[in-house]
Amino acid sequence: MNGPLPLSTWDLVLSSLLLVVTGAISVGLSLGLGRRLAIAAARTVLQLTLIGLVLHWVFALDCWWMVLAVATSMIINAGIAAVQRVESRFAGIYSSGLLAVSVSSVLVTAVVTELVVGVSPWYAPRYVIPLLGMVLGNSLTGISLALDRLLNDLRTRSAEVEARLALGATAWEATRPLLADALRMGMVPMLNAMSVAGIVSLPGMMTGQILAGASPVEAVKYQIVVMFMVTSGTGLGALLACLSSYRRLVTRRHQLALYRLSRT
(Lines give C-alpha, C1' and ligand atoms only; values in the text may rest on other atoms or scores of the structure.)
Protein backbone atom coordinates (compact mmCIF):
# COMPACT_ATOMS: atom_id res chain seq x y z
CA MET A 1 0.00 0.00 0.00
CA ASN A 2 1.52 3.31 -1.09
CA GLY A 3 -1.03 5.65 0.46
CA PRO A 4 -4.02 5.90 2.77
CA LEU A 5 -7.19 4.03 1.96
CA PRO A 6 -9.80 6.47 0.61
CA LEU A 7 -12.82 7.19 2.80
CA SER A 8 -16.31 7.72 1.42
CA THR A 9 -19.07 9.88 2.87
CA TRP A 10 -20.72 6.69 4.13
CA ASP A 11 -17.52 5.81 6.02
CA LEU A 12 -17.70 9.17 7.80
CA VAL A 13 -21.33 8.57 8.68
CA LEU A 14 -20.44 5.18 10.15
CA SER A 15 -17.65 6.71 12.22
CA SER A 16 -20.12 9.23 13.67
CA LEU A 17 -21.98 6.31 15.24
CA LEU A 18 -19.05 5.99 17.65
CA LEU A 19 -20.34 9.13 19.36
CA VAL A 20 -23.46 7.20 20.33
CA VAL A 21 -21.40 5.54 23.07
CA THR A 22 -20.49 8.90 24.59
CA GLY A 23 -24.09 10.07 24.19
CA ALA A 24 -25.35 6.98 25.97
CA ILE A 25 -22.97 7.61 28.87
CA SER A 26 -24.22 11.19 29.09
CA VAL A 27 -27.84 10.08 29.17
CA GLY A 28 -27.25 7.18 31.55
CA LEU A 29 -25.41 9.32 34.10
CA SER A 30 -27.46 12.48 33.49
CA LEU A 31 -24.36 14.43 32.53
CA GLY A 32 -26.29 16.83 30.32
CA LEU A 33 -23.65 16.69 27.59
CA GLY A 34 -25.87 15.58 24.73
CA ARG A 35 -26.43 19.03 23.25
CA ARG A 36 -22.79 20.07 23.70
CA LEU A 37 -21.63 16.80 22.14
CA ALA A 38 -23.87 17.32 19.11
CA ILE A 39 -22.69 20.92 18.66
CA ALA A 40 -19.05 19.90 19.06
CA ALA A 41 -19.45 17.13 16.49
CA ALA A 42 -21.14 19.48 14.03
CA ARG A 43 -18.44 22.10 14.50
CA THR A 44 -15.75 19.47 13.99
CA VAL A 45 -17.21 18.37 10.67
CA LEU A 46 -17.84 21.92 9.46
CA GLN A 47 -14.51 23.39 10.55
CA LEU A 48 -12.39 20.53 9.27
CA THR A 49 -14.25 20.46 5.95
CA LEU A 50 -13.72 24.18 5.49
CA ILE A 51 -10.04 24.07 6.43
CA GLY A 52 -9.56 21.12 4.10
CA LEU A 53 -10.94 23.14 1.21
CA VAL A 54 -8.92 26.22 2.18
CA LEU A 55 -5.67 24.25 2.50
CA HIS A 56 -6.28 22.53 -0.83
CA TRP A 57 -6.55 26.00 -2.38
CA VAL A 58 -3.53 27.38 -0.49
CA PHE A 59 -1.36 24.41 -1.41
CA ALA A 60 -2.31 24.84 -5.06
CA LEU A 61 -1.50 28.57 -5.06
CA ASP A 62 1.81 28.07 -3.21
CA CYS A 63 1.92 31.82 -2.40
CA TRP A 64 3.77 33.26 0.61
CA TRP A 65 1.22 35.96 1.46
CA MET A 66 -1.60 33.43 1.48
CA VAL A 67 0.38 31.22 3.89
CA LEU A 68 0.96 34.23 6.15
CA ALA A 69 -2.75 35.09 6.05
CA VAL A 70 -3.74 31.56 7.10
CA ALA A 71 -1.03 31.49 9.80
CA THR A 72 -2.14 34.85 11.18
CA SER A 73 -5.75 33.69 11.37
CA MET A 74 -4.68 30.52 13.20
CA ILE A 75 -2.58 32.48 15.70
CA ILE A 76 -5.33 35.00 16.48
CA ASN A 77 -7.90 32.26 17.03
CA ALA A 78 -5.48 30.33 19.24
CA GLY A 79 -4.81 33.42 21.36
CA ILE A 80 -8.54 34.00 21.85
CA ALA A 81 -9.19 30.32 22.64
CA ALA A 82 -6.38 30.25 25.21
CA VAL A 83 -7.92 33.12 27.18
CA GLN A 84 -11.54 31.96 26.88
CA ARG A 85 -10.74 28.90 28.97
CA VAL A 86 -9.49 31.02 31.90
CA GLU A 87 -11.96 31.81 34.70
CA SER A 88 -10.37 35.05 35.97
CA ARG A 89 -9.70 38.02 33.71
CA PHE A 90 -7.87 41.33 33.81
CA ALA A 91 -7.65 44.23 31.40
CA GLY A 92 -5.26 43.22 28.65
CA ILE A 93 -5.46 39.47 29.17
CA TYR A 94 -6.30 38.91 25.51
CA SER A 95 -3.22 40.82 24.40
CA SER A 96 -1.14 38.80 26.87
CA GLY A 97 -2.53 35.55 25.49
CA LEU A 98 -2.01 36.62 21.90
CA LEU A 99 1.57 37.73 22.62
CA ALA A 100 2.40 34.44 24.29
CA VAL A 101 0.84 32.34 21.53
CA SER A 102 2.31 34.30 18.63
CA VAL A 103 5.89 34.62 19.90
CA SER A 104 6.19 31.01 21.05
CA SER A 105 4.54 29.43 18.00
CA VAL A 106 6.28 31.55 15.36
CA LEU A 107 9.71 31.20 16.95
CA VAL A 108 9.53 27.44 17.48
CA THR A 109 7.96 26.75 14.08
CA ALA A 110 10.59 28.89 12.33
CA VAL A 111 13.43 27.04 14.05
CA VAL A 112 12.01 23.66 13.04
CA THR A 113 11.11 24.51 9.44
CA GLU A 114 14.25 26.52 8.66
CA LEU A 115 16.97 24.82 10.72
CA VAL A 116 15.78 21.28 11.44
CA VAL A 117 13.69 20.28 8.42
CA GLY A 118 15.12 22.88 6.05
CA VAL A 119 12.02 23.45 3.93
CA SER A 120 12.33 25.30 0.63
CA PRO A 121 10.89 27.81 0.00
CA TRP A 122 10.62 29.13 3.57
CA TYR A 123 6.84 29.44 3.32
CA ALA A 124 6.20 25.92 1.96
CA PRO A 125 2.54 25.55 3.03
CA ARG A 126 2.61 21.74 3.20
CA TYR A 127 5.11 22.00 6.07
CA VAL A 128 4.63 25.42 7.66
CA ILE A 129 0.86 25.34 8.22
CA PRO A 130 0.56 21.81 9.72
CA LEU A 131 3.59 22.28 11.98
CA LEU A 132 2.35 25.67 13.15
CA GLY A 133 -1.05 24.15 13.85
CA MET A 134 0.51 21.45 16.02
CA VAL A 135 2.41 24.04 18.08
CA LEU A 136 -0.67 26.23 18.46
CA GLY A 137 -2.97 23.38 19.45
CA ASN A 138 -0.72 22.26 22.27
CA SER A 139 0.60 25.63 23.44
CA LEU A 140 -2.86 27.17 23.86
CA THR A 141 -3.77 24.31 26.21
CA GLY A 142 -0.61 24.85 28.25
CA ILE A 143 -1.15 28.61 28.32
CA SER A 144 -4.76 28.19 29.47
CA LEU A 145 -3.81 25.82 32.27
CA ALA A 146 -0.89 27.96 33.44
CA LEU A 147 -2.86 31.23 33.34
CA ASP A 148 -5.85 29.72 35.11
CA ARG A 149 -3.66 28.28 37.86
CA LEU A 150 -1.70 31.52 38.33
CA LEU A 151 -4.73 33.81 38.52
CA ASN A 152 -6.61 31.47 40.85
CA ASP A 153 -3.57 31.11 43.11
CA LEU A 154 -3.12 34.87 43.27
CA ARG A 155 -6.64 35.03 44.68
CA THR A 156 -6.56 32.07 47.04
CA ARG A 157 -2.94 32.46 48.18
CA SER A 158 -2.84 36.24 48.36
CA ALA A 159 -2.27 36.15 52.14
CA GLU A 160 0.83 34.01 51.56
CA VAL A 161 2.16 36.49 49.01
CA GLU A 162 1.35 39.47 51.23
CA ALA A 163 3.19 37.84 54.14
CA ARG A 164 6.34 37.47 52.05
CA LEU A 165 6.06 41.09 50.94
CA ALA A 166 5.63 42.23 54.55
CA LEU A 167 8.83 40.39 55.47
CA GLY A 168 10.77 42.37 52.86
CA ALA A 169 10.55 40.13 49.80
CA THR A 170 10.25 41.73 46.39
CA ALA A 171 7.16 41.11 44.30
CA TRP A 172 9.10 38.65 42.17
CA GLU A 173 10.36 36.72 45.20
CA ALA A 174 6.89 36.67 46.74
CA THR A 175 5.09 35.44 43.64
CA ARG A 176 7.75 33.17 42.15
CA PRO A 177 6.41 29.99 43.87
CA LEU A 178 2.99 30.69 42.33
CA LEU A 179 4.56 31.22 38.91
CA ALA A 180 6.48 27.97 39.25
CA ASP A 181 3.32 26.04 40.17
CA ALA A 182 1.48 27.58 37.23
CA LEU A 183 4.21 26.62 34.77
CA ARG A 184 4.29 23.07 36.11
CA MET A 185 0.54 22.84 35.57
CA GLY A 186 0.87 24.13 32.01
CA MET A 187 3.54 21.57 31.17
CA VAL A 188 1.71 18.53 32.60
CA PRO A 189 -0.16 17.53 29.39
CA MET A 190 2.98 17.57 27.24
CA LEU A 191 5.11 15.78 29.84
CA ASN A 192 2.46 13.07 30.10
CA ALA A 193 2.28 12.78 26.31
CA MET A 194 6.07 12.47 26.01
CA SER A 195 6.19 9.86 28.78
CA VAL A 196 3.81 7.46 27.03
CA ALA A 197 4.71 8.18 23.39
CA GLY A 198 5.44 4.92 21.59
CA ILE A 199 4.47 2.79 24.61
CA VAL A 200 0.83 3.63 25.18
CA SER A 201 0.05 5.93 22.26
CA LEU A 202 1.19 6.43 18.69
CA PRO A 203 1.04 10.24 18.26
CA GLY A 204 -0.88 11.85 15.43
CA MET A 205 2.04 12.92 13.26
CA MET A 206 3.55 9.44 13.26
CA THR A 207 0.21 7.73 12.71
CA GLY A 208 -0.66 10.04 9.82
CA GLN A 209 2.62 9.43 8.04
CA ILE A 210 2.36 5.66 8.47
CA LEU A 211 -1.18 5.70 7.08
CA ALA A 212 0.12 7.75 4.16
CA GLY A 213 2.67 5.03 3.38
CA ALA A 214 5.83 6.47 4.95
CA SER A 215 8.44 4.25 6.54
CA PRO A 216 7.79 3.79 10.29
CA VAL A 217 11.42 4.75 10.97
CA GLU A 218 11.06 8.06 9.10
CA ALA A 219 7.68 8.64 10.75
CA VAL A 220 9.31 8.20 14.16
CA LYS A 221 11.99 10.75 13.30
CA TYR A 222 9.40 13.35 12.40
CA GLN A 223 7.37 12.54 15.50
CA ILE A 224 10.38 13.07 17.75
CA VAL A 225 10.95 16.49 16.18
CA VAL A 226 7.26 17.35 16.60
CA MET A 227 7.17 16.27 20.26
CA PHE A 228 10.20 18.37 21.09
CA MET A 229 8.76 21.26 19.08
CA VAL A 230 5.34 21.36 20.73
CA THR A 231 6.82 20.85 24.21
CA SER A 232 9.17 23.78 23.69
CA GLY A 233 6.34 25.92 22.31
CA THR A 234 4.12 25.04 25.27
CA GLY A 235 6.78 25.89 27.83
CA LEU A 236 7.73 29.17 26.17
CA GLY A 237 4.10 30.21 25.66
CA ALA A 238 3.13 29.43 29.26
CA LEU A 239 6.15 31.36 30.55
CA LEU A 240 5.38 34.44 28.44
CA ALA A 241 1.71 34.40 29.44
CA CYS A 242 2.52 34.13 33.14
CA LEU A 243 5.19 36.84 33.03
CA SER A 244 2.88 39.18 31.15
CA SER A 245 0.13 38.59 33.72
CA TYR A 246 2.58 39.11 36.57
CA ARG A 247 3.57 42.50 35.21
CA ARG A 248 -0.07 43.60 35.06
CA LEU A 249 -1.06 42.34 38.52
CA VAL A 250 1.93 43.62 40.51
CA THR A 251 2.65 47.34 40.95
CA ARG A 252 6.02 49.08 40.82
CA ARG A 253 5.78 49.43 44.58
CA HIS A 254 5.79 45.64 44.92
CA GLN A 255 2.10 45.40 45.79
CA LEU A 256 -0.51 42.97 44.55
CA ALA A 257 -3.14 44.59 42.34
CA LEU A 258 -5.87 41.98 42.72
CA TYR A 259 -8.51 44.66 42.20
CA ARG A 260 -7.64 44.37 38.52
CA LEU A 261 -8.90 40.78 38.48
CA SER A 262 -12.48 39.85 37.70
CA ARG A 263 -14.30 36.57 37.15
CA THR A 264 -16.06 35.63 33.94
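One can find the structure itself at the top, above this paragraph.
Residues numbered from 1 in each chain as written. Predicted model: local features only at pLDDT ≥ 70, side-chain atom pairs only at ≥ 80, totals over all residues. Heavy atoms only, no water.

(A) Geometry of the packing of aromatic side chains. As enumerated under the stated definition, the model contains two aromatic pairs in all. Here the aromatic rings of Trp122 and Tyr123 are separated by 5.4 Å at their centres, their planes lie at 85°, and the arrangement is edge-to-face. Ring geometry for Trp172 versus Tyr246: centroids 5.5 Å apart, planes at 80°, classification edge-to-face. Pair noted here: Trp172 is in helix α8 (residues 171-196) and Tyr246 is in helix α10 (residues 216-249), with a separation of 74 residues, a long-range link. A relative accessible area of 34% means that Trp172 is categorised as partly exposed. (Phe/Tyr/Trp six-rings, centres within 6.5 Å; stacked < 30°, edge-to-face > 60°. Helix = DSSP H or I, 4+ residues; strand = E, 2+ residues; numbered from the N terminus. Buried < 20%, exposed > 50% of the residue type's maximum accessible area, 1.4 Å probe, protein only.)

(B) Local environment of the pattern of salt bridges. Using the criterion set out here, one finds seven salt bridges in the structure. The residue Arg149 makes a salt bridge to Asp153 at a minimum N-O spacing of 3.0 Å. Placement of both Arg149 and Asp153 in helix α6 (residues 125-156) is noted, with a separation of four residues, approximately one turn of the helix. Judged by its relative accessible area of 28%, Arg149 is partly exposed. Its relative accessible area of 8% is what places Asp153 among the buried residues. Taking the shortest distance from any N to any O, the salt bridge between Arg164 and Glu160 comes out at 2.6 Å. Taken together, the residues span about one helical turn, with Arg164 and Glu160 both in helix α7 (residues 158-166) at a distance of four residues. Accessibility expressed as a relative area gives 25% for Arg164, which makes it partly exposed. (Salt bridge = Lys/Arg side-chain N within 4 Å of Asp/Glu carboxyl O.)

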